[in-house]
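Below, each chain spelled out in residue letters.
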Amino acid sequence: MADSIYDVRGRIFDIQRYSIHDGPGIRSIVFLKGCFLRCRWCCNPESQAYEIEKVTVDGKPKIYGEDTTVGAVMDEVMKDAAYYRRSGGGLTLSGGECLGQPEFSTALLAAGHEFGITTAIESTAFAPFEVIEGLLPHLDYYLMDIKHVDSEKHKEFTGRPNELILENAKKLAARLGNRLIIRVPVVPTFNATESEILAIARFADALPGVERIHLLPYHRLGMDKYARLGRPYAMAGIVPSPAGLVEGFCEAVRRETSLECILGG
Amino acid sequence: MEKIKEYSVPVTERVVRLREALYAQMPRIEGARATLVTESYRETEALPIITRRALAFRHIMEKLPIAIHEDELIVGSATLRPRSSQIFPEFSVNWIEGEFETLATRPADPFEIDEPTKEAIRRANAYFRGKTTSELAASYMAPETLTAIEHNIFTAGNYFYNGVGHVTVHYDWVLKDGFLGIRHRAEEALSALSVSDGDYCKRSEFLRAVIISCDAVITYAGRYAALAEEKAKAERDATRRAELTKIAEVCRRVPANGARSFYEACQAVWFVQLVLQIESSGHSISPGRYDQYMYPYYEADLRAGKITSEAAQELIDCFWVKLNDMNKCRDAASAIGFAGYGMFQNLIVGGQDAEGRDATNALSFMCLEASMHVPLPQPSLSVRVWNGTPDAFMMKAAELMRTGIGLPAYYNDEVIIPALMSRGATLPEARGYNIIGCVEPQVPGKTDGWHDAAFFNMCRPLELVFSNGMDAGVQVGIRTGELRDLDTYEKFFDAYCRQQEYLIGLMVNADNAIDVAHAERCPLPFLSSMVEDCIGKGKSVQEGGAIYNFTGPQGFGIANIADGLYAIRRLVYEEKLVTLTEFAEALRENYGKPLPAEYVYPAVLARAEELRRAGKRVGEAEIAAMVKEGMNGTSDKMKAARYQKLLDRIAELPKFGNDDDEIDALAREAAYTYTRPLEKFKNPRGGSYQAGLYPVSANVPLGGQTGATPDGRLAHTPVADGVSPGAGRDSHGPTAAANSVAKLDHTIASNGTLYNMKFHPSALAGRAGLQNFVSLIRTYFENKGMHVQFNVVSRETLLDAQKNPEKYKTLVVRVAGYSALFTTLSRSLQDDIINRTEQAGAK
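First, a word on what this report is: a plain description of the structure on this page. (Residues numbered from 1 in each chain as written. Chains lettered and ligands numbered in written order. Predicted model: local features only at pLDDT ≥ 70, side-chain atom pairs only at ≥ 80, totals over all residues. Heavy atoms only, no water.)

Notes on the overall build of chain A
We apply this condition: Strands are runs of DSSP state E lasting at least 2 residues, helices are runs of H or I lasting at least 4, and numbering of each runs from the N terminus. With the radius of gyration taken over C-alpha atoms, the globule rule is written as 2.2 Å times the number of residues to the power 0.38. Exposure is judged per residue with a 1.4 Å probe applied to protein chains only, and the accessible area is read against the type maximum: over 50% gives exposed, under 20% gives buried, and values in between give partly exposed.
Summing up its helical and strand segments, chain A has nine helices and 11 strands in all. A compact globule built from 265 residues should have a C-alpha radius of gyration of about 18 Å, and chain A, at 18 Å, falls within 12% of that. Dimensions of chain A, computed from C-alpha atoms along their principal axes, come out at roughly 50 × 45 × 35 Å. When each of the 265 residues of chain A is scored for burial, the buried share is 57%.

Quick word on the packing of aromatic side chains
Just so we agree on the cut-off: Stacked, tilted and edge-to-face are the three classes applied to pairs of Phe, Tyr and Trp rings, where Trp contributes its six-membered ring and a pair requires centres within 6.5 Å; stacked means planes under 30 degrees apart, edge-to-face means over 60, and tilted covers the rest. Whether a charge sits over a ring depends on NZ of Lys or CZ of Arg being within 6 Å of the ring centre and within 35 degrees of the ring normal.
With the rule as written, the count across this model stands at 35 aromatic pairs over all chains. Geometrically, the ring pair formed by F13(A) and F31(A) is tilted, given 5.5 Å between the ring centres and 45 degrees between the ring planes. Of the two residues, F13(A) sits in strand β1 (residues 9-19) while F31(A) sits in strand β2 (residues 27-32), which places them 18 residues apart along the sequence. The structure contains a cluster of three or more aromatic residues connected by ring pairs, namely Y171(B), W270(B), Y290(B), Y293(B), F319(B) and W320(B). Sitting above the plane of the Y672(B) ring, R676(B) keeps its charged end 3.6 Å from the centroid.

Quick word on the sheet that holds strand β8 (residues 455-457) of chain B
Just so we agree on the cut-off: We treat two strands as partners when DSSP finds at least two bridges between them.
Read across the sheet, three strands follow the order β1-β8-β12 (chain B) without closing on themselves; strand pairing throughout is mixed. The open sheet has two edge strands, β1 (154-155) and β12 (554-556) of chain B, and neither has a second partner.

Let's talk about the interface of chain A and chain B
Test applied: Residues are treated as being in contact if the distance between any of their heavy atoms lies within 4.5 Å. The buried area of a pairing is the accessible area, by a 1.4 Å probe, that goes missing from both parts when the two are put together, added over both. Any carboxyl oxygen of Asp or Glu that lies within 4 Å of a side-chain nitrogen of Lys or Arg is treated as forming a salt bridge with it. The definition of a polar contact used here is a pair of N or O atoms within 3.5 Å, where within protein one atom must be able to donate a hydrogen and the other to accept one, and adjacent residues in sequence count solely through side-chain atom pairs. Lys, Arg, Asp and Glu make up the charged group, whereas Ala, Val, Leu, Ile, Met, Phe, Trp, Tyr, Cys and Pro make up the nonpolar group; the residues left over, Gly among them, are polar.
Each side of the interface is counted separately: chain A has 18 residues, and chain B has 26 residues. Carbon and sulfur atoms supply 50% of the area that chain A and chain B bury against each other, a total of about 1,900 Å² over both sides. When residues of chain A are sorted by the area they lose upon contact with chain B, Y18(A), Y83(A) and R86(A) head the list and together hold 42% of the total. Viewed at the interface, chain B and chain A are joined by three salt bridges. Counting the contacts that link chain A with chain B gives nine residue pairs in polar contact (both at pLDDT 80 or more). Ranked by residues supplied to the side of chain A that touches chain B, first place goes to helix α2 (residues 81-87) of chain A with five residues. Grouping the constituent residues of the side of chain A that touches chain B by class yields six nonpolar, five polar and seven charged.

A look at the pairing of strand β8 (residues 141-145) of chain A
Residues and elements named next belong to chain A. Going by this rule: By convention, orient the strands away from the viewer: a clockwise path from the first strand over the helix to the second makes the crossover right-handed.
In terms of residue burial, β8 counts as a mostly covered element, since four of its five residues are buried. Sheet topology places strand β7 (residues 118-123) next to β8; four bridges connect them, and they run parallel. Of the residues in β8, the one forming a bridge with A120 is Y141. Handedness of the crossover joining β7 and β8 through helix α4 (residues 129-135): right-handed. With four bridges connecting them, β8 and strand β9 (residues 180-186) associate as parallel partners.

Some points on the packing of helix α10 (residues 200-234) of chain B against helix α11 (residues 238-253) of chain B
All names here are of chain B. Applied cut-off: In this analysis an axis means a line fitted to C-alpha atoms, helices contributing only their contacting stretch, and an angle means the value between N-to-C directions, from 0 to 180 degrees. Small angles under 35 degrees read as roughly parallel and large ones over 145 as roughly antiparallel, with 65 to 115 read as roughly perpendicular and the rest as oblique. It is the rotation of the near helix from the far one that decides the hand of a crossing: anticlockwise by less than a right angle makes it left-handed, clockwise makes it right-handed.
Axis separation between α10 and α11 bottoms out at 8 Å; the angle between their running directions is 160 degrees. On the basis of their axis angle, the class for α10 and α11 is roughly antiparallel. Considering the relative orientation of α10 and α11, their crossing is left-handed. From α10, A221, G222, Y224, A225, A226, A228, E229, K231 and A232 reach across to α11, where they touch R241, L244, T245, I247, A248, C251 and R252. Its residues assigned to classes, the contact of α10 with α11 shows 10 nonpolar, two polar and four charged.

Details of helix α18 (residues 391-402) of chain B
Residue and element names in this part refer to chain B. What counts is decided by this rule: Multiplying one less than the number of residues by 1.5 Å gives the expected span of a helix.
Here α18 contains 12 residues, and its C-alpha end-to-end distance of 16 Å stays within 8% of the 16 Å for a straight helix at 1.5 Å per residue. Residues of α18 that are buried include every one of F393, M394, M395, K396, A397, A398, L400 and M401, and no others. Taken together, the buried residues of α18 touch β2 (346-350), α17 (362-373), β3 (380-385), β4 (409-412), α33 (766-782) and β15 (787-792). Positioned one or two residues after α18, G404 has a phi angle of 95 degrees, which is positive.

Focus: the packing of helix α1 (residues 70-77) of chain A against helix α3 (residues 102-114) of chain A
All names here are of chain A. Between α1 and α3, the least distance of the axes is 10 Å, while the angle of their chain directions is 45 degrees. One element, α1, and the other, α3, form an angle in the oblique class. Seen along the crossing, α1 lies across α3 with a hand that is right-handed. On the side of α1, the interface is formed by V70, V73 and M74, while α3 contributes F104, A107, L108, A111 and G112. Residues belonging to the contact of α1 with α3 are distributed by class as follows: seven nonpolar, one polar and no charged.

Describing unusual backbone geometry
Looking along the chain, the bond that leaves G95(A) and enters G96(A) is cis, with omega of 10 degrees. Structurally, G96(A) is set in the loop between β6 (90-94) and α3. Cis geometry marks the peptide bond from E532(B) to D533(B), where omega comes out at 0 degrees. Tracing the backbone through its elements, the reader meets D533(B) in the loop between α23 (525-528) and α24 (534-537). Positive phi, close to 60 degrees, is recorded for N152(B), a residue that is not glycine. Position of N152(B) among the secondary structure elements: in the loop between α7 (143-150) and β1. The phi torsion at H716(B) lies on the positive side, around 65 degrees, for a residue other than glycine.

Details of the state of the cysteines
So the rule is basically this: Note on terminology: disulfide denotes any pair of cysteine sulfur atoms within 2.5 Å.
Scanning all chains against the criterion turns up zero disulfides over all chains. We note that C39(A) lacks a disulfide partner, and the nearest cysteine sulfur, in C42(A), lies 6.3 Å from it. For C39(A), a relative accessible area of 11% puts it in the buried group. Looking at C459(B), it has no disulfide partner, and the nearest cysteine sulfur is the one in C497(B), 15 Å off.

Points about the environment of I650(B)
Residue and element names in this part refer to chain B. Residue placement: I650 occurs in helix α29 (residues 637-652). Distance in space between the C-alpha atoms of I650 and D711 is 6.6 Å, their sequence separation being 61 residues. Each residue touching I650, except ones within four places of it in the same chain, is listed here: A567, L571, F583, Y591, K655, P710, D711 and G712.

Thoughts on helix α2 (residues 32-43) of chain B
Residue and element names in this part refer to chain B. Here α2 contains 12 residues, and its C-alpha end-to-end distance of 17 Å stays within 8% of the 16 Å for a straight helix at 1.5 Å per residue. Considered for burial, the residues of α2 that qualify are R33, A34, L36, V37, T38, S40 and Y41. Here the buried face of α2 lies against α3 (49-63), α5 (115-128), α12 (262-280) and α22 (489-521).

Concerning the environment of Y573(B)
Residues and elements named next belong to chain B. Relative to the helices and strands, Y573 is located in helix α25 (residues 558-574). On the basis of relative accessible area, Y573 is assigned to the buried category, the value being 14%. In this structure the C-alpha to C-alpha distance between Y573 and T488, which are 85 residues apart in sequence, comes to 6.6 Å. Every residue in contact with Y573, bar those within four places of it in the chain, is listed here: L486, D487, T488, Y489, F492, I568 and L580.

Some thoughts on the side chain of T158(A)
Locating T158(A) in the fold gives a position in helix α5 (residues 151-158). Those residues in contact with T158(A) that sit more than four places away from it in its chain are L37(A), R38(A), C39(A), W41(A) and K147(A).

Section: the nonpolar core
Quick reminder of the rule: To form a nonpolar core, buried Ala, Val, Leu, Ile, Met, Phe, Trp, Tyr and Cys residues must be joined to one another through side-chain atoms within 4.5 Å.
The biggest cluster of nonpolar side chains holds 262 residues, and the ones touching the most others in it are F262(B), Y290(B), Y410(B) and F790(B). Leaving out residues up to four positions away in the same chain, F262(B) has contacts with M294(B), Y297(B), Y298(B), D301(B), I307(B), A312(B), L315(B), I316(B) and L363(B). Counting 74 residues, the second-largest nonpolar core is a separate cluster that includes Y84(A), A173(A), V184(A) and F203(A).

These figures capture arrangement, not role.
Encoded structure:
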C-alpha cells in the first residue's frame, strides 16, 4: 500500500481535456488501460489489453499505455481547475474499465474530491459489487453502459454475459439514485432496433431513482486503430445508422418511459 | 434597469426583403465623390487646408447623389447601388488606374466599374497626383524605412493609402443636441478666442471649418427629407406613403436637432455613421456602445407607449442592414489583408457603467437578436464580459454564436479596464470603453487611437538574424553577427531582439510620416466636431485634437516565434542536432520541400538578385536549376533526408498552445520583444505607441512573403494569426490552448489581442453545450485573456462551400476580428480558416 493516495500507481493510456459529453460541465477524462469486455464495436481497442502495446503509426513507433501515479494524473487534470469551477465539471474515469484497477481508481476519485471537483466514471459495472462499492464514497456520477438485456446476445457481442451487470445496476440505483446514468451504444446488427432499445430503456426506467438515459450512435472512428494493432475489425462492413434512426429511438424512449433521453453524450 | 431573461421576436418581412436587396447586385465603384472633391479642390487652392476640407465636404454633402430604397425606414446611402464604393483620390491615386481591368475579377473583394466612372476617376487622379497624403507620407519616410517596406518587413498600407477611420465619436452629443448644438459650441469657442492669441489663425480657421461641416450635414439630411416628400407624393400605397412622410419628418428633425424618439435616434446615428465614412474613407468607424447611448430613447418611448419592442427591433434591424450597405474599395493587396469587404464597424453591448455597475439592458439583448435577424458581417458585434455579466445574456450571445455567424466577439473588462488605465484613462472612462475595428479598446469620443497603424511580421526579423540583416542581397536589417559567433542561445535571442527593435523603429518612422501627412493634407473637420476636445483645443483630430492619442501597430506570429525559438534552443544549443548554420541552410532551402507554385518565380528572382549582388554569375542554367528545385524541392537525396529528420524532430517538440509552462513562458517573452520596445516611441500628435497582437487577415498574405521558419513552418505559408497557437498545433483541446494564450501578457498589448477558436457545431449542441461554452469563455477571461472569437462551422460545411459557392452565398465566418461572407474570401484565406484547429470536445 502506498503511503499517500497520490503515490498510488496505475496504468492509463490517455487523458483528454475539455470533454463535454461525459458528465456535467467541462471535464477531463482519464482513460485507464485494460477491460473485461471485448465489445466488437469498441472504438478504443488499445484500451482492452492491460499490457502496454507498441505499434507503428505512419512509420513512427507509438506506445499505448503508461504507468503513472495519481499525483501525476492530478497534475494534468487540475490544469483545468478553473474550468471545472465555472462549469461544475471535473474528473471522469473511463477506459478500458476503471474497475479493473480499483485501488488506483479509488485513489483518483478520492483525490478529485480532495481538490473539490466532481467525479464520474464511465463503466460497464462488470465486477463484483464489493469492488464497485469501494469507489462509491468518492463518486458523484456513474455513467453505466447497459448494452443489451438479452444475455446471450450480450455475450456474443461483448464476450461476457450480462447477469452481473444488470444485478449491479439494481444495487447501484439503490445507492446512487439519479446519479446513476444509463448509456447505450446503439450498434447496427447488435441492438439498433426499437424493440431492443426500448427493452433496455424499460429496464432502466424500472431502476429506482434513475432519470436519464443516453443513446450513443455507433461510429467508426476507431477503425484505423485496429489496423495499427494488427487486429481484425469485427464490424467491418457495418455502416453507422442513418441520421434520424437513433433520434427516432430517443423519441420512442421518451414516449414509452419516464426517462429523459439524450442523443449522444 | 429592465432585464430580459429570454428575448426573441420574429424577423419582419421588410427586413428579409431589405437583406436580400443588398445582395441582389454585385458592388460597383461610383465616381461621384471623386468628381465632387476634385471640383471643390480646384476652387479652393489659395485657402488653408482645414477650410478646403470643410468646403469640399460641403460640396459633397450638397451634390452627392442620394437614394431612398424600397422598404427602407432608415435612409441614407453613400452610393446609388447597394454595397458599392466611392473613391477618395485625396488619399492615394496610383493604385486604382492600374487595377481598373482586374477590379471586377480579382479574387478578394471584386467591384464592377464602368467606363464613365473610370474616366471620372482618371480626371480626379490627374488633379490629385502629387497632392495625396500617400505621396507626402512617402516623401517623409527615411530611405531605410522604404527599403524595409519594399522587403515586406512590415506593411503600413492601411493609412498610407486610405483615410484613418478607427474612431468612435460622441454619438451621444448628436443625439442630445444635434449638429446645431455642436455648431453652437464651436461658435462659442470662436467668440471666446482673442484675435491676438498666438494660435488664433489656426484655431479660428478650424472652428469655422466645424461650423461649415455642421451646416453641410444638416443640408444633406434635408435633401433626404425632400426626396422622401417627393416620393411620398408619388406613392400609391398608403402604408408606404405614411412611412415616407415619416422619414421626411425625421430627416427634417435630425441630425440638426436632438432626437425626440427612438426612431429619430436611429436615423441620427446612421447619418453620423454614414457621413463619417463619406468624409474620410476610413474604415473601422465604430458605433461603439450603441445599447448604452440609445437606451434612454428606447426607454422613454416605451414608457410613453410610443413604441413596442417589436417596432424597435425592426428599426435596429434596419440599422443593421444599413451598416452592411456601407462598402469600401481597397487596392488588390490591401483587399487580401482585409478580405471580405471588411468595414469593421464594431458595435459593442453589455459591460459596466461609469460607476462599475452592470450595464446590460434590453437593447443589449435586442442587438444580439438583430444579428440573428440580419446574419451579415456588419456590424462587427462585440460583447463586453465581466464577473457581473448576467448568465442569461451570455447564453443569448452563445445562441447567436451557435448560428455559425462568428458573432459576437467577447472582450474581457477585467483586463481591458486596467490596460486602458495603464495608458492614462481615468477609471470611469476606462469602464466606458468600447472596441474599434477588430479588437482595439479605447475611450469613446475622446481617443484618436490610430489603431491599425501597421502590420509587423515578427517572423521577418528572425529571418534577418539568420542572414545577418540581408534580404535578397540588400542590407535591410542591422548586422547582428555571423551565425558562428552566436554561440549561445542568449546571444541568438539577443540578436533577434536587436533586429526586431531596429525594424520597429523603422515602422515607427513610417507611421509618423503617414500621421504627419494626414494632418497636413487631410484633416477632417466633420469627424473632429464630435471628438473631445477638438473644439476646446481648436484643432482637428489629425493634428492632435483628441484627448487621448495613440498609435497602435500590430505584431503577429508569436506562435511561430515561440515554437521556433524553442526549436533553436533545444536542437542547436542543447541537443546539438544541427548547427545554426545548418539550420539556416535548411530554412533557406525550405527544408528541401517544394515552394507553392505561385512563389517559385518571385523566390528564384530574389535568390538570383542575391547571388548577383554577391558577385556571382547567374546564367540561364542556374536559373533553370533553381526553378526546378523550387517546383520539386531539393534533388539531393541526402539533404532531403537530413531536412526531413530535422522537420520530424521539430514536430516532436512541445508547441505553444498545449498548456506547457516552459514553451508558454517563451511565448510570453516572444510577445514582449514586440510589445515592450514599442512603448517608448512617440507619435506626432503628442501620444505614445502601444502594441496590438493581431493580424486582421494579413497573416495569410504576409506569411506568403515569409520564408521557412525554425518552427517547421514552410516558406510562403500563413503565419500564425494573432495570439492563437500555430494552425493545427494545439492538440490538447480548447482549455489547454486557451490556458496557453492566457499566459501571455495581454494587458501590455493595450491596442488589443486576438484569439481565434474554432468549434464544431456539436460542441455547442443543447443547453448543456451552450453552458459549457459560456464556462469556457468565462474561465479564459478569469485567467486574464483579453479577447476571444469563434467560428462555429463544421469543416465539412466549409469544404462544401469551397466546392459549391453558389449554395453558400450568405455563409458568414469569422476571419480575424471581423466576420465576412466565406465565399467572398480568397482561396488561401479560406484554406487558412479551414485549417485552424477545430475543437469538438473530447469524444
